[in-house]
Amino acid sequence: MDDFRLRLAREDDIAAITKIFNQGIEDRTATLETRLRSVEEMEEWFVNRAFQYKVAVIEDATRHVRGWASLNPFNARCCYSGVADLSIYIARDYRGKGFGLKLLDFVVSTARQQGFHKIVLHAFDFNDAGRRLYKSLGFREVGIYMEHGLLDGRRINVVIMEKILEEEG
Ligand SMILES: CC(C)(COP(=O)(O)OP(=O)(O)OC[C@H]1O[C@@H](n2cnc3c(N)ncnc32)[C@H](O)[C@@H]1OP(=O)(O)O)[C@@H](O)C(=O)NCCC(=O)NCCS
């Protein structure tokens, strides 16, 4: 984990980003989405993003992308323009090795540079890795929506977390 590279995503990363996202969908620990995405759909997602909603990647020593994270619109109303929603996915075989922590730290810095005031996210209550990751970078648990999202017929409790960025100046 000593040799890694963090950077903003490019269009030629989309195949890797799609593969990693689909692993996250298949594993049922991160998202209520169940439909696997095509590279074409993810290309559209990438090129149609507003300028400030950056996507970042982490490469390993072999310079392959092993994880990605995105800043997403939280709410279309302009009063919420300072709030970014966050997604983060590490490739299945590379989880638990510190990639998530490095990438999240980078995305938090990126959000600050983009002028966001706050990041919010949602995590399944049983996603221990996600909850620990966010807490270790100072995200606060706002609360839990009980029996909130439907996943394969099961109602999932969803934890809301947030981090106010100006606190660290
Ligand atoms: C959640 C995820 C992004 C974390 O990234 P990661 O590279 O696996 O995590 P790291 O190795 O950087 O470890 C981050 C923290 O999680 C903990 N952690 C890692 N794997 C864990 C596991 N399987 N169970 C419990 N805690 C775990 C680490 O101990 C560390 O906590 P600490 O700082 O208190 O020691 C990654 O596991 C992943 O992509 N999972 C599937 C998609 C997902 O859940 N996305 C988030 C949706 S909210």
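This text follows the structure it describes.
Just so we're clear, the structure is a prediction, and the values are computed from it rather than from any experiment.

## A short note on the overall build of the protein
- When you go through the protein residue by residue, the secondary structure sums to four helices and seven strands.
- Starting at the N terminus and walking to the C terminus, you meet the elements of the protein as β-α-α-β-β-β-α-β-α-β-β.
- Over its C-alpha trace the protein gives a radius of gyration of 15 Å, about what one expects of a compact globule, namely 15 Å for 169 residues.
- Each of the 169 residues in the protein was classed as buried or not, and the buried ones make up 44%.
- Within the protein, residue pairs in contact and separated by at least 24 positions form 62% of the contacts whose partners lie at least 6 positions apart.

## Let's talk about the site of the ligand
- Lining the immediate surroundings of the ligand are 21 residues, of which Ile90, Gly96, Gly98, Gly100 and Asn127 lie closest.
- Within the contact set of the ligand, an oxygen atom lies 2.7 Å away from a backbone nitrogen or oxygen of glycine 98.
- For the shell around the ligand, the secondary structure elements donating two or more residues are strand 4 (83–90), helix 3 (99–113), strand 5 (118–124) and helix 4 (128–136).
- At seven residues, the largest contribution of residues to the shell around the ligand is made by helix 4.
- Class assignment for the residues of the shell around the ligand results in 10 nonpolar, seven polar and four charged.

## Focus on the pairing of strand 5
- Most of strand 5 sits out of view: five of its seven residues are buried.
- Where strand 4 meets strand 5, three bridges bridge the pair, whose relative direction is parallel. Bridged to valine 83 within strand 5 is lysine 118.
- As paired elements, strand 5 and strand 7 (residues 154–164) share seven bridges and run antiparallel to each other. Looking at strand 7, one finds that isoleucine 119 is bridged to lysine 163.

## Remarks on the pattern of salt bridges
- Scanning all chains against the criterion turns up 17 salt bridges.
- For arginine 92, the salt bridge is made with aspartate 27, and the minimal N-O distance between the two is 3.1 Å. A residue pair is termed long-range when its members are at least 10 positions apart, and arginine 92 in the loop between strand 4 and helix 3 and aspartate 27 in helix 1 (residues 14–27) qualify at 65 residues.
- For aspartate 27, a relative accessible area of 26% corresponds to the partly exposed category.
- Residues participating in the shared-partner salt-bridge network are Asp3, Arg5, Arg7, Asp13, Glu59 and Arg63.

## Brief notes about the environment of leucine 101
- Tracing the chain through its elements places leucine 101 in helix 3.
- Looking at leucine 101, the relative accessible area reads 40%, which means it is partly exposed.
- As a C-alpha pair, leucine 101 and glutamine 114 span 13 residues in sequence and 20 Å in three-dimensional space.
- In contact with leucine 101, other than residues within four places in its own chain, are Leu133, Ser136 and Leu137.

The rules we used
- Residues numbered from 1 in each chain as written.
- Predicted model: local features only at pLDDT ≥ 70, side-chain atom pairs only at ≥ 80, totals over all residues.
- Heavy atoms only, no water.
- Helix = DSSP H or I, 4+ residues; strand = E, 2+ residues; numbered from the N terminus.
- Rg over C-alpha atoms; globule rule 2.2 N^0.38 Å.
- Buried < 20%, exposed > 50% of the residue type's maximum accessible area, 1.4 Å probe, protein only.
- Contact = heavy atoms within 4.5 Å.
- Near = heavy atom within 4 Å.
- Polar contact = N/O pair within 3.5 Å; in protein donor to acceptor, adjacent residues only side chain to side chain.
- Nonpolar A, V, L, I, M, F, W, Y, C, P; charged D, E, K, R; others polar.
- Pairing = 2+ DSSP bridges.
- Salt bridge = Lys/Arg side-chain N within 4 Å of Asp/Glu carboxyl O.

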